[in-house]
Amino acid sequence: MRVSPAVRSLATVALVLTALLGSAYALGRSLVPDAPGRGVTTGATAPHYADQPSAGGGPSGPDEAGQDDPGGPDGQATQSGAPDDSDEAYGAHTTTGTATVALTFDDGPNPHYTPQVLTVLRQYDVKATFCVVGENAQNHPDLIRAIVADGHTLCNHTWNHDVRLGARSADRIRADLLRTSDAIRAAAPGAPISYYRQPGGAWTRTVVSVAEELGMVPLHWNVDPSDWQAPGAGRIAATVVTGVVPGSVVLLHDAGGDRQGTVDALHRILPDLTSRFQVGAMPTGTT
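Residues numbered from 1 in each chain as written. Predicted model: local features only at pLDDT ≥ 70, side-chain atom pairs only at ≥ 80, totals over all residues. Heavy atoms only, no water.

**Q** Tell me about the sheet that holds strand S4 (residues 193–196), and please be specific about residues and values.
**A** Strands sit in the order S5-S4-S3-S2-S1-S6 across an open sheet of six strands; the sheet is parallel. On the outer flanks of this sheet lie strand S5 (217–218) and strand S6 (249–253), each paired with one strand and no other. Bridging between strand S1 (residues 102–106) and strand S2 (residues 129–132) involves three bridges; their strand directions are parallel. Within S2, the residue paired with phenylalanine 105 across the bridge is phenylalanine 130. (Pairing = 2+ DSSP bridges. Helix = DSSP H or I, 4+ residues; strand = E, 2+ residues; numbered from the N terminus.)

Below is the structure:
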């Protein structure tokens, strides 16, 4: 079939326009900044913890015999000899032991996100468990007092979120946990600290044993929306509401990075869970 000159001209113009539009789109995309990465901090001085595993089980450390790892210059462990993946939590509790569902918040308190979390929990009359980091408790004692005043449960989460703490000596683990509990009690004297949660879920027999020796119940989880990766409120909420069953312990974060998605997700999570389950804090005891 013979194509007329007019048709050929129109086809040529269409190809040129397509090429130009494609170039313009590529240029525009190159000028748009990338979306914020996971664990974005809200301030230059805010502690940044973003190493929570997405899987339920935590890694076991190589230092089961209690050998000490001196770690790096900032007190964190070096990468050499990092724990291998394991599904064992060495007896750490992964459920509430009852039909009650427990929401837990790690890494705080944070002056921007923790008050927002407390406000939403208050709105739905829900008590939760806050696994607090010692240095944050020391820096924000008013927020520890606010958590206690609202009737929530406290949990020790190490001094500075040391994922490798379980691979250190029993003496070093004990000193870390005691220092953290002292900071919490300095802010809220008499408040029970009934639980301990190992950062990253990196449980070892040694850290479980020391926590129990100090009167704290090792607390793991069984619902993890990986909110530390900042996937957005919708995804966080969907994972929680579809994954929760009676007795679930839900892992969330109120510090350690950009946690606005977690705060926003609570407005979707709490109406759903409270309509289907009894939702409350882990029970307290004396330590």
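**Q** Quick rundown of the packing of helix H2 (residues 114–123) against helix H8 (residues 260–276)? Include the residues and the values.
**A** What describes two packed helices is the angle between their axes and the distance between those same axes. Viewed as axis vectors pointing N to C, H2 and H8 meet at an angle of 5 degrees, and their least axial separation amounts to 10 Å. Looking at the two axes, H2 sits roughly parallel to H8. Where H2 abuts H8, its residues Gln116, Val117, Val120, Leu121 and Gln123 lie against Gln260, Val263, Leu266, His267 and Leu270. Taken together, the residues of the contact of H2 with H8 sort by class into six nonpolar, four polar and no charged. (Axes fitted to C-alpha atoms, helices over the stretch in contact; angles between N-to-C directions. Parallel < 35°, antiparallel > 145°, perpendicular 65-115°, else oblique. Contact = heavy atoms within 4.5 Å. Nonpolar A, V, L, I, M, F, W, Y, C, P; charged D, E, K, R; others polar.)

**Q** For the nonpolar core, give the residues involved together with the corresponding values.
**A** The biggest cluster of nonpolar side chains holds 52 residues, and the ones touching the most others in it are Leu103, Phe105, Phe130 and Leu273. Here this core takes six residues from H8, the largest share from any one element. Other than its neighbours up to four places away in sequence, leucine 273 contacts Val101, Leu103, Val240, Val241, Val244 and Val279. Among the nonpolar cores identified, the runner-up in size contains nine residues, and Ala102, Cys131, Cys155 and Trp221 belong to it. (Core = buried A, V, L, I, M, F, W, Y, C linked by side-chain atoms within 4.5 Å. Buried < 20%, exposed > 50% of the residue type's maximum accessible area, 1.4 Å probe, protein only.)

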